[in-house]
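Topology and contacts: notes
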2 protein chains.
Amino acid sequence: MQDRTYTADAEPGDTVTVAGWVHEIRDLGGIAFLILRDTTGKIQVKFEKEEMDDDLVETGLGVHRESVIVVTGDVEEEPRAPTGVEVTPASVEVLAEADPQLPLDPSGKVDAELSTRLDNRTLDLRKEEVKAIFEIRAEILRSVREAFRSLGCTEINTPKIVATGTEGGTELFPITYFGREAFMNQSPQLFKQLMVGSGLERVFEIGPIFRAEEHNTPRHLNEATSIDFESAFADHTEAMDACEEVVRAAYEGVAENCQKELEALDLTDEFEVPPEEFPRLTYEEAIERINATGELDEQLVWGDDLPTEGEKALGEDVGSHYFITDWPAEIKPFYIKDHDDDEQLSTGFDMMHPRMELVSGGQREHRYDHLVEGFEQQGLDPEAFEYYTKMFKYGMPPHAGWGLGCERLVMTMLGLPNIREGVLFPRDRQRLSP
Amino acid sequence: MQDRTYTADAEPGDTVTVAGWVHEIRDLGGIAFLILRDTTGKIQVKFEKEEMDDDLVETGLGVHRESVIVVTGDVEEEPRAPTGVEVTPASVEVLAEADPQLPLDPSGKVDAELSTRLDNRTLDLRKEEVKAIFEIRAEILRSVREAFRSLGCTEINTPKIVATGTEGGTELFPITYFGREAFMNQSPQLFKQLMVGSGLERVFEIGPIFRAEEHNTPRHLNEATSIDFESAFADHTEAMDACEEVVRAAYEGVAENCQKELEALDLTDEFEVPPEEFPRLTYEEAIERINATGELDEQLVWGDDLPTEGEKALGEDVGSHYFITDWPAEIKPFYIKDHDDDEQLSTGFDMMHPRMELVSGGQREHRYDHLVEGFEQQGLDPEAFEYYTKMFKYGMPPHAGWGLGCERLVMTMLGLPNIREGVLFPRDRQRLSP
């Protein structure tokens, strides 16, 4: 509709054609108001029954809520209208009549369960505060890509159908690929590493990952969006620097471009861009601090993975984004490099939000012999990964990188109670449709 | 490596640490040159054997091609060097020694089959002209996203694991999803339509699509990247306008930011940004013009789909990007709206490059009854798509959109002979790894 004016742009004195959904009709007898909603906001349409054509009044006031209509008319100032202006319609056209029985109330007056909302995302996303989450999500992706560009990264797309998973056969969804067994990729890890050995050197990818995890928790998804970074000639500390920059860029982008959305989510006051440097705790310091909180029944000892309650206690203790570095080598994957001066200690790191882990990264093992050994130690057949390992024989530079869960970033940034709030159509054990 | 200087930034008078791959060693007896290559270019490293430490000379000249090394030394002007400067090394460190038997020659002196190149993408991408393709691909994605932003679109991510495909059960890869049958999505079509009925109104998505097509041609892929656009309150002509803008933006971005890459591909002279408007031919005009070329053995009649040779003949005849509009309704999918004044005529359109189809789009059927009828006519069970159809009962505005094949855009823009040249790790009937 070339001649359409967004409701937010309707100014007193204009004759406009506005289009959108019937948000509400308030009939006061001789006068009635229709609130029309579009992507930019809402506008009041006034029906003075005695002074208007009967057909016009009937069309405008006879339509059900959430129907799609087009209104042409003059805009006038009206201090009592929600946006200070109102339209006196010269014509009203119904483009799509809505069924009066809505499965979900987009005005938000009636609360709905998350599962009802997800079944009816189209209606759910007509709510300002839900729409705001996805406008912010889009801004996060935009500003993250811009940050990667400033870091000199080239965007890549790696295959989602693969012959072997990154970390072996568990947690993979099997596909039938022209009669052959294949899998949906659980991480671009191996592919992005292959790219840092190419002329690209520094790359990023934002794309879907698939994990057949049995978890069904408020912070796990079986299909998620992963934000991946990998750089040649970088060690784990430089990868952490890049991580700080990218996460901060996401917050800065939202602060700069999404004030209206933060307001819709009632977050204007508490929204804060994290500081330039995130505290870097060693794993050893982390378990000491967790033990000191007294929150765990049993004290952690060196070599333990951090339990969820431990992460939570530490997160509350630190109170900001932070890194955990220098993990025991044995609990990090084979492709993470150990410290040269201590093989028990890994260069792997996690970047944590007080609520949960957001990023996992590290310097990678770039030495062919060590890498093949790592596969064997992890119980994986190096032959099945030959397409990957063999490139390490032809000049693979030292490199480091990380993967950041997009939905966890959205969830923690906006304080969402459930990760599914940040995904249009989440996939979990139960949910495969819509 | 915080102290690293890219070879392109090394200036006479500097003391630099450069890192990269050994591109070539030329030993002239008393003097030898090592050409070091990094992501920004190449630099000459000079070894004057008599005047240098033996260990240094041995390390620098004893290393195999494509090994990764770090060189620290002083930069001096040297007009005979490829970049006009050379480094006299004070130290050379080998970070990764390459096997002397390379499966592919990154200097490009020895030609390799495409399949060998794809098996060894890491090495293949050390060639300037191959790297250029993927730098350009990344710039295309960047500028396309910026164009979508100017068009007021919100970026979305829709699920790749689905219970039902867009156009039914054929050409879908089946997945086992926690014991249930599911599929990899062949198009975000239905999901993006659901979003235009939400408060987002206008959306785009760039993501993978999966098609179990048996085709094995130079222009088909089984996993591809789709660039999707969908807008509420738009008809097919407005969708075509947006298509022109987005495709032009891709060309403009490349013209502006990829001169070096175009040079590497020897395309500087012939690269042209398409004009603002692409000719719009009706289907009827298209078959007439194809028939007039005399290239087909049999004349096309109304209702025929356009055969590949017909597209080719027409492409040569038109000689630029163009649209084909007003297709027979029966050969367009059920979700495309027919013209109100002629039900035999579809609002569907294709946007063509002289070599092949790039875009498929149209105004969508937004009327619930017509949509359900369309499902039945196509032999699909509307019940299986209820998650989609039911939203059309609750106020679905008129809308239009299109899908653009990213790889085809790259391929046609750069004149690549095979679509696989524009994908890092292509997937086809034979190729599942790397």
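Just so we're clear, the structure is a prediction, and the values are computed from it rather than from any experiment.

Criteria and cut-off values
- Residues numbered from 1 in each chain as written.
- Chains lettered and ligands numbered in written order.
- Predicted model: local features only at pLDDT ≥ 70, side-chain atom pairs only at ≥ 80, totals over all residues.
- Heavy atoms only, no water.
- UniProt positions renumbered as here; feature names shortened; annotations may be inferred.
- Helix = DSSP H or I, 4+ residues; strand = E, 2+ residues; numbered from the N terminus.
- Buried < 20%, exposed > 50% of the residue type's maximum accessible area, 1.4 Å probe, protein only.
- Phe/Tyr/Trp six-rings, centres within 6.5 Å; stacked < 30°, edge-to-face > 60°.
- Lys NZ or Arg CZ within 6 Å of the ring centre and 35° of its normal.
- Salt bridge = Lys/Arg side-chain N within 4 Å of Asp/Glu carboxyl O.
- 1 Å grid on protein atoms, 1.4 Å probe; cavity = no way out; pocket = protein on both sides within 12 Å on 5 of 7 lines; lining within 4 Å.
- Points joined across faces, edges and corners; volume = space filled by probe spheres on them.
- Contact = heavy atoms within 4.5 Å.
- Domains from an automatic or database assignment.
- Buried area = accessible area lost by both parts, 1.4 Å probe.
- Polar contact = N/O pair within 3.5 Å; in protein donor to acceptor, adjacent residues only side chain to side chain.
- Nonpolar A, V, L, I, M, F, W, Y, C, P; charged D, E, K, R; others polar.
- Least-squares fit on C-alpha atoms with pLDDT ≥ 70 in both.
- Patch = residues over 30% accessible without salt bridge, like charges linked within 9 Å, V, L, I, M, F, W, Y side chains within 5 Å.
- Areas by Shrake-Rupley, 256 points an atom, 1.4 Å probe, with all protein chains shown as cover.
- Lys, Arg positive; Asp, Glu negative; His and termini not counted.
- Charge placed at Lys NZ, Arg CZ, Asp CG, Glu CD.
- Axes fitted to C-alpha atoms, helices over the stretch in contact; angles between N-to-C directions.
- Left-handed = near helix turned anticlockwise from the far one by under 90°.

**Digging into the UniProt feature "binding site: Mg(2+) 2" (unreviewed entry) in chain A**
All names here are of chain A.
- Under the feature "binding site: Mg(2+) 2" (unreviewed entry), the UniProt entry names E357 and S360.
- Residue position: E357 is located in strand 17 (residues 356-363).
- Here S360 lies in strand 17.
- Judged by its relative accessible area of 34%, S360 falls in the partly exposed class.

**Focus on the packing of aromatic side chains**
- Applying the stated criterion across every chain yields a total of 40 aromatic pairs over all chains.
- Seen in terms of ring centroids, F278(A) and F323(A) are 5.9 Å apart; in terms of plane orientation they differ by 25°. Their pairing is stacked. Separated by 45 residues along the polypeptide, F278(A) in the loop between helix 7 (259-264) and strand 12 (280-282) and F323(A) in strand 13 (residues 322-325) bring together distant segments of the chain.
- Residues F334(A) and F375(A) carry aromatic rings whose centres are separated by 4.2 Å and whose planes lie at 40° to one another, so their mutual orientation is tilted. With a gap of 41 residues between them, F334(A) in the loop between strand 13 and strand 14 (338-339) and F375(A) in helix 10 (residues 368-377) connect regions that are remote in the sequence. We note that F334(A), like F375(A), is buried.
- Clustering of aromatic rings is evident, with ring pairs tying together F334(A), Y335(A), F375(A), F385(A), Y388(A) and F392(A).
- The ring of F323(A) carries R280(A) above its face, with NZ or CZ at 5.2 Å from the centroid.
- Between the NZ or CZ atom of R429(A) and the centre of the ring of F178(B), over which it lies, the distance is 4.7 Å.

**Observations regarding the pattern of salt bridges**
- This structure, assessed with the given rule, holds 68 salt bridges over all chains.
- A salt bridge links D241(A) to R280(A); its shortest N-O distance comes to 2.7 Å. Here D241(A) is found in helix 6 (residues 236-257), whereas its partner R280(A) is found in strand 12, with 39 residues between them in sequence.
- The closest approach of N and O atoms between R4(B) and D38(B), which form a salt bridge, is 3.9 Å.

**Let's talk about unusual backbone geometry**
- Across the junction of S433(A) and P434(A), the peptide omega takes the value 0°, indicating a cis bond.
- Turning to its location among the elements, P434(A) is positioned in the segment after helix 12 (406-414).
- The phi angle at D326(A) is positive, at roughly 55°, despite the residue not being glycine.
- Positionally, D326(A) belongs in the loop between strand 13 and strand 14.
- For D326(A), a relative accessible area of 19% puts it in the buried group.
- At F178(B), a position not held by glycine, the phi torsion is positive, near 50°.
- With respect to the helices and strands, the residue F178(B) is situated in the loop between strand 8 (174-177) and strand 9 (180-184).

**Side note on empty space enclosed by the protein**
- Counted according to the given criterion, the structure contains one cavity of 30 Å³ or more.
- Lining the largest cavity are 38 residues, with I206(A), G207(A), P208(A), G207(B) and P208(B) positioned closest to its centre.

**Looking at the UniProt feature "site: Important for tRNA non-discrimination" (unreviewed entry) in chain A**
Residue and element names in this part refer to chain A.
- When the UniProt feature table is mapped to this numbering, "site: Important for tRNA non-discrimination" (unreviewed entry) covers P82.
- For P82, the position within the fold is in the loop between strand 4 (68-77) and strand 5 (85-96).
- Accessibility expressed as a relative area gives 60% for P82, which makes it exposed.
- Other than its neighbours up to four places away in sequence, P82 contacts I35 and Q44.

**Brief notes about the domain arrangement of chain A**
Residues and elements named next belong to chain A.
- Along its sequence, chain A is organised into domain 1 (7-96) and domain 2 (122-279 + 320-422).
- For domain 1 versus domain 2, the distance between C-alpha centres works out to 47 Å.
- Of the roughly 370 Å² buried between domain 1 and domain 2 on both sides combined, carbon and sulfur atoms contribute 30%.
- At the junction of domain 1 and domain 2, the tally comes to one salt bridge.
- For R126, the salt bridge identified is with E66, shortest N-O distance 3.0 Å.
- Across the domain 1-domain 2 interface, the total number found is two residue pairs in polar contact (both at pLDDT 80 or more).
- A class-by-class count of the residues in the side of domain 1 that touches domain 2 yields one nonpolar, two polar and three charged.

**A word on the relation of the copies chain B and chain A**
- Each copy of the sequence occupies a distinct position, and chain B is placed on chain A by a rotation of 180° and an axial shift of 0.0 Å, giving an RMSD of 0.0 Å. Viewed as a symmetry operation, the transformation between the two copies matches a two-fold axis. Among all residues of chain B, the minimum C-alpha distance to the rotation axis is found for I175(B), at 2.3 Å.
- When you check the interface residues of chain B against chain A, 100% turn up at the interface there too, and the contact is symmetric in its surfaces.

**Concerning a negative patch on the surface**
All names here are of chain A.
- On the surface, a cluster of negative charge is contributed by D341, D342, E343, D369, E373, E376, D381, E383 and E386.
- Of all the secondary-structure elements, those providing two or more residues to the negative patch are strand 15 (342-346) and helix 10.
- With three residues, helix 10 is the single largest residue contributor to the negative patch.
- The class for E343 is exposed, based on a relative accessible area of 55%.

**With respect to the packing of helix 4 (residues 128-150) of chain A against helix 4 (residues 128-150) of chain B**
- At a closest axis distance of 12 Å, the pairing of helix 4 of chain A and helix 4 of chain B adopts a crossing angle of 145°. The hand of the helix 4 of chain A/helix 4 of chain B crossing is left-handed. Taken together, the residues of helix 4 of chain B that come into contact with helix 4 of chain A (itself represented by E139(A), R142(A), R145(A) and R149(A)) are E139(B), R142(B), R145(B) and R149(B).
- Residue classes in the contact of helix 4 of chain A with helix 4 of chain B are distributed as no nonpolar, no polar and eight charged.

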